[in-house]
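Chains, contacts and geometry: an overview
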2 protein chains.
Amino acid sequence: MATSNIKEVAQRAGVSIGTVSNVLNHPDMVAPSTRQRVLEAIAELGYVRNDSARQLRAGRSRTIAVVALDLANPFFTDVLRGAETAGEDGGVNIMIFNSGEDAARERRHLDVLEEQRVLGVLITPVSDAVDTRLEQLIERGIPVVLVDRGSGQHNRCSVAVDDVLGGRLAGEHLAQQGHQRIAFVGGPFSLPQVTDRHTGLVAALTGKQQLQVLPTSNLTVAAGRRAGERIADLSPDARPTGVFCANDLLALGVLQEMTMRGVRVPQDVAIVGYDDIDFAAAAAVPLSSVRQPREQLGRAAAQLLLEEANDPHRHQHRHVVFRPELVVRESSSRTTRRAARAPRSAAADARDTAAHDPA
Amino acid sequence: MATSNIKEVAQRAGVSIGTVSNVLNHPDMVAPSTRQRVLEAIAELGYVRNDSARQLRAGRSRTIAVVALDLANPFFTDVLRGAETAGEDGGVNIMIFNSGEDAARERRHLDVLEEQRVLGVLITPVSDAVDTRLEQLIERGIPVVLVDRGSGQHNRCSVAVDDVLGGRLAGEHLAQQGHQRIAFVGGPFSLPQVTDRHTGLVAALTGKQQLQVLPTSNLTVAAGRRAGERIADLSPDARPTGVFCANDLLALGVLQEMTMRGVRVPQDVAIVGYDDIDFAAAAAVPLSSVRQPREQLGRAAAQLLLEEANDPHRHQHRHVVFRPELVVRESSSRTTRRAARAPRSAAADARDTAAHDPA
DNA sequence: AACGGCTGTTGACACGTTTCATTTGCCGCG
DNA sequence: CGCGGCAAATGAAACGTGTCAACAGCCGTT
């Protein structure tokens, strides 16, 4: 019950406190016989290091924090997986925090992280408004890496995907399929991801097409369904025939609502999503989507963070930008024939890796 | 850069260290004018408490840890949401760890948590093998609550859903629909959730039906697709007409593979999943599924943990068991007519709440 | 035998808090 | 004027580590 400390261990092993500490942190500095005795004492007492004391002494912790925008979105859990592997390789622990698109909660998390003196923070911010908060972290010497968010900032790294390009890919695809009335579903527009994807879409249109924007309050399936209702309620000759959604959750919601109301996908309405989460391919009308290298995003971000944490002075801030890739599936194919399975190509993998190298 | 400490604040405000501490922790003990001066000094210096020192002194941290089995499974992110709200209400921070069905990683996380002297741990263990590890945590005085896992243990609380009942609901449903050849898709069988659901299914069958088991190595969409291939490859008169999957990810994988290979759902094969994650309803053939009160599961677990942490001696360990509920949608309806949307009923909510009260 | 060098070990201090017994200053009351 | 009592502030002692200068013991060299 009462946790034993290093002093008890020392006593039991008949050595000094410093020696026990050395056994734990610099095992080669201590004679094998002594080391053995100390290790036995540790085992007998069930001694476990007290991380608070250790951190207090060291001045900083050995864990990095990931603040995710929305854990319920599989996109972020995939990014997380990448960060986790990189973290393991770098020998640091990873703790996860979920802001859930809630600015207040995000702020609370950052406060805690600052008090904890974490080694660094990987964050996809709720909005640009937290910027001053992040500046504060950086001033205090806590490295910050922006994830899935580009940045011109010179005092931090960022890892992002070219969302404008992604939007353009989607737009060009829809235009090429001959759609005249096109809709963009997404929001809130305070998220750069949303505005960028919208911008790309607009840039891809030739002017012959009509564009309609259906703003949503967030990026969830439920919001997608609500947008889907509005689309389905339009008369067939006013209804957009091509819909680009700011992420796959929205797209799945729209898709579901179409099916439920008898609007055929892709014959009546073509749908293109964004992120290419696993559920996109698993939808019974497999969803076309703009694929992002999710795991790599996380891995690259964690690597940059570790690099900065390990050598703050030599470190040069970098802004890595990956290229997205359009994956066309049945939901936006004019031909109704079943699309073949589209496994991730080796070529695509190679391309992502290349993009990661500093430009 | 150099982080300021309480001493600098004291100096700047012209008071003693103890007074600054009192301003932070017992503001009413200090005269308004002094308090004001101290707060100003804090603001000017950008002082932030050092949590390590605080914890060292206090002996324990103010955060609880959630170790999730697989964050990529929306089931767990929903559970998490419940835990987060309960944590906020209780005034503790929540950090999330992901074991990803990997025992070694789970173990590493537990080691760290023990060193951190967290307030408590919410965990869905990878297997029963970690039990000794958890015992150790408990001995050390760190409360542990099992999530989504029943337990006869008398030294910890648990919050679970009656998985045997859930399996039976699914089985009865399939039997009632007249299916003669039924398959169970799920694994690994080291997970109690899997064996329990299987057990329930078996119990529901009358003996007239044939049961085939398709074991999987994990509970992912990919594993479901592989199982789906095997099912689709069977000749129509050997193929099961009713499939019960141990979770929705598997079910979605099976569903996708059926659709892709021209096996009609539900006409040729009926599918029932488990968890009723949002994506289940969003599938274009909406998925029948056994619903668990996910958020409540998390909330109840966190509440039990807080109760124990706040008053370890008076606390009585409890084992809360929720009742699952079958939600029938199109994927298992003999009639092909579109199923109506099935929003969560108020009655169901009430029932869950009732179940939460100690029996 | 004196000395330098090497390995292993020690002991004391510092890290930044919180706590608590003690002190200070003040006011009103006898 | 002295005293008790109260509010406010103080200072020192922990909490459990890691570090580092100092030290002991030993061996080989001169």
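Residues numbered from 1 in each chain as written. Chains lettered and ligands numbered in written order. Predicted model: local features only at pLDDT ≥ 70, side-chain atom pairs only at ≥ 80, totals over all residues. Heavy atoms only, no water.

Some remarks on the overall build of chain A
- Within chain A, the secondary structure is distributed over 14 helices and 12 strands.
- Each of the three principal axes of chain A carries a C-alpha extent, and together these read 90 × 40 × 40 Å.
- A total of 359 residues make up chain A; the buried ones form 55% of that total.
- Relative to all contacts within chain A whose residues are 6 or more apart in sequence, the contacts with residues 24 or more apart total 71%.
- The centroid of the 41 positive side-chain charges in chain A is displaced by 1 Å from the centroid of its 43 negative side-chain charges. (Helix = DSSP H or I, 4+ residues; strand = E, 2+ residues; numbered from the N terminus. Buried < 20%, exposed > 50% of the residue type's maximum accessible area, 1.4 Å probe, protein only. Contact = heavy atoms within 4.5 Å. Lys, Arg positive; Asp, Glu negative; His and termini not counted. Charge placed at Lys NZ, Arg CZ, Asp CG, Glu CD.)

What to know about the packing of aromatic side chains
- Following the criterion strictly, the structure yields 9 aromatic pairs over all chains and no others.
- Relative to B:Phe279, the ring of A:Phe279 lies with its centre 4.0 Å away and its plane at 10 degrees, an arrangement referred to as stacked. With A:Phe279 in helix 12 (residues 278-282) and B:Phe279 in helix 12 (residues 278-282), this residue pair bridges two chains.
- Residue class for A:Phe279 comes out buried when judged on its relative accessible area of 6%.
- Note that A:Arg197 overlies the ring of A:Tyr274, its terminal NZ or CZ placed 3.8 Å from the centroid. (Phe/Tyr/Trp six-rings, centres within 6.5 Å; stacked < 30°, edge-to-face > 60°. Lys NZ or Arg CZ within 6 Å of the ring centre and 35° of its normal.)

Focus on the nonpolar core
- Grouped together as the largest cluster of nonpolar side chains are 151 residues, with contacts concentrated most on A:Ile271 and B:Ile271.
- What B:Ile271 contacts, discounting residues up to four positions off in sequence, is B:Val243, B:Cys245, B:Ala251, B:Val254, B:Leu255, B:Met258, B:Val265, B:Leu287, B:Ser288, B:Ser331 and B:Ser332.
- A:Ala65, A:Leu113, B:Leu113 and B:Leu146 belong to the second-largest nonpolar core, a separate cluster that totals 32 residues. (Core = buried A, V, L, I, M, F, W, Y, C linked by side-chain atoms within 4.5 Å.)

Regarding the domain arrangement of chain A
- By the assigned domains, chain A splits into domain 1 (6-49), domain 2 (59-161 + 294-322) and domain 3 (163-292 + 324-335).
- For domain 1 of chain A versus domain 3 of chain A, the distance between C-alpha centres works out to 62 Å. (Domains from an automatic or database assignment.)

Structural notes on unusual backbone geometry
- Cis rather than trans, the peptide bond between A:Val265 and A:Pro266 has omega equal to 10 degrees.
- Here A:Pro266 is to be found in the loop between helix 11 (248-260) and strand 9 (270-275).
- One non-glycine residue, B:Asp148, adopts positive backbone phi at about 60 degrees.
- Along the chain, the position of B:Asp148 falls in the loop between strand 4 (144-147) and strand 5 (157-161).

With respect to the protein's contact with DNA strand C
- The full set close to DNA strand C counts 21 residues, and A:Thr19, A:Thr34, B:Ile6, B:Tyr47 and B:Arg57 are the nearest of them.
- When the atoms of DNA strand C within 4 Å of the protein are grouped by moiety, sugar and phosphate amount to 67% of the total.
- Within the backbone of A:Ser16, one N or O atom sits 2.8 Å away from a phosphate oxygen of DNA strand C.
- Contact between DNA strand C and B:Tyr47: a phosphate oxygen at 2.7 Å from a side-chain N or O atom of the residue.
- For the surface near DNA strand C, the leading source of residues is helix 2 (residues 17-25) of chain B, giving 4 residues.
- Of the residues in the surface near DNA strand C, the class split is 8 nonpolar, 9 polar and 4 charged. (Near = heavy atom within 4 Å. Polar contact = N/O pair within 3.5 Å; in protein donor to acceptor, adjacent residues only side chain to side chain. Nonpolar A, V, L, I, M, F, W, Y, C, P; charged D, E, K, R; others polar.)

Some points on the sheet that holds strand 6 (residues 181-186) of chain A
Residue and element names in this part refer to chain A.
- The 6 strands lie next to each other as 7-6-8-9-10-12, forming an open sheet whose pairing is mixed. Because the sheet does not close on itself, it has two edges, and the strands there are strand 7 (210-215) and strand 12 (325-327). Ignoring which end each strand starts from, the neighbouring axes of this sheet average 20 degrees apart.
- As judged from the 6 bridges shared by strand 6 and strand 7, these two strands associate in the parallel manner. Bridged to Val185 within strand 7 is Leu214.
- Strands in contact with helix 11 are strand 6, strand 8 (242-245), strand 9 and strand 10 (288-291); relative to strand 9, the strand with the most contacts, it is inclined by about 155 degrees. (Pairing = 2+ DSSP bridges. Axes fitted to C-alpha atoms, helices over the stretch in contact; angles between N-to-C directions.)

Looking at the relation of the copies chain B and chain A
- Note on the identical chains: chain B maps onto chain A by a rotation of 180 degrees and an axial translation of 0.1 Å, with an RMSD of 0.1 Å. Such a combination of rotation and displacement between the chain copies is what one expects of a two-fold axis. (Least-squares fit on C-alpha atoms with pLDDT ≥ 70 in both.)

Structural notes on the sheet that holds strand 6 (residues 181-186) of chain B
Residues and elements named next belong to chain B.
- Strand order in this open sheet of 6 strands is 7-6-8-9-10-12, and the pairing throughout is mixed. Both edges of this open sheet fall to strand 7 (210-215) and strand 12 (325-327), since each of them pairs with a single strand only. Strand-to-strand twist across the sheet, computed as the mean angle between neighbouring axes with direction ignored, equals 20 degrees.
- Bridge count between strand 6 and strand 8 (residues 242-245): 4 bridges; the pairing is parallel. Bridge assignment links Phe184 to a residue of strand 8, and that residue is Phe244.
- Helix 9 (residues 192-204) rests against strand 6, strand 7, strand 8 and strand 9 (270-275) of the sheet, and its axis sits at about 170 degrees to strand 6.

What to know about the packing of helix 1 (residues 6-13) of chain A against helix 3 (residues 32-45) of chain A
Residues and elements named next belong to chain A.
- Between helix 1 and helix 3, the least distance of the axes is 9 Å, while the angle of their chain directions is 125 degrees. Classed by the angle they form, the pair helix 1 and helix 3 counts as oblique. In the packing of helix 1 onto helix 3, the handedness of the crossing is right-handed. Contacts between helix 1 and helix 3 involve Glu8, Val9, Arg12 and Ala13 on the former and, on the latter, Arg37, Val38, Ala41, Ile42, Glu44 and Leu45.
- When its residues are assigned to classes, the contact of helix 1 with helix 3 shows 6 nonpolar, no polar and 4 charged. (Parallel < 35°, antiparallel > 145°, perpendicular 65-115°, else oblique. Left-handed = near helix turned anticlockwise from the far one by under 90°.)

What to know about the protein's contact with DNA strand D
- Looking at DNA strand D, there are 20 residues lining it, with A:Ile6, A:Tyr47, A:Arg57, B:Ser16 and B:Thr34 nearest.
- Restricting the count to atoms of DNA strand D within 4 Å of the protein gives a sugar and phosphate share of 69%.
- At 3.1 Å, a side-chain N or O of A:Asn25 approaches a phosphate oxygen of DNA strand D.
- Between DNA strand D and the protein, one listed contact pairs a phosphate oxygen with a side-chain N or O atom of B:Thr34 at 2.2 Å.
- Contributions of two or more residues to the surface near DNA strand D are made by helix 2 (17-25) and helix 4 (51-58) of chain A together with helix 4 (51-58) of chain B.
- By residue class, the composition of the surface near DNA strand D is 7 nonpolar, 9 polar and 4 charged.

Concerning the packing of helix 5 (residues 74-90) of chain B against helix 13 (residues 294-310) of chain B
Residues and elements named next belong to chain B.
- One can describe the packing of helix 5 onto helix 13 by two numbers: an axis separation of 6 Å at closest approach and a directional angle of 40 degrees. Of the possible angle classes, the one that applies to helix 5 and helix 13 is oblique. Taken as a pair, helix 5 and helix 13 cross one another with a handedness that is right-handed. Together, Phe75, Asp78, Val79, Arg81, Gly82, Ala83, Thr85, Ala86 and Gly90 of helix 5 and Arg294, Glu295, Leu297, Gly298, Arg299, Ala302, Gln303 and Leu306 of helix 13 make up the contact between the two elements.

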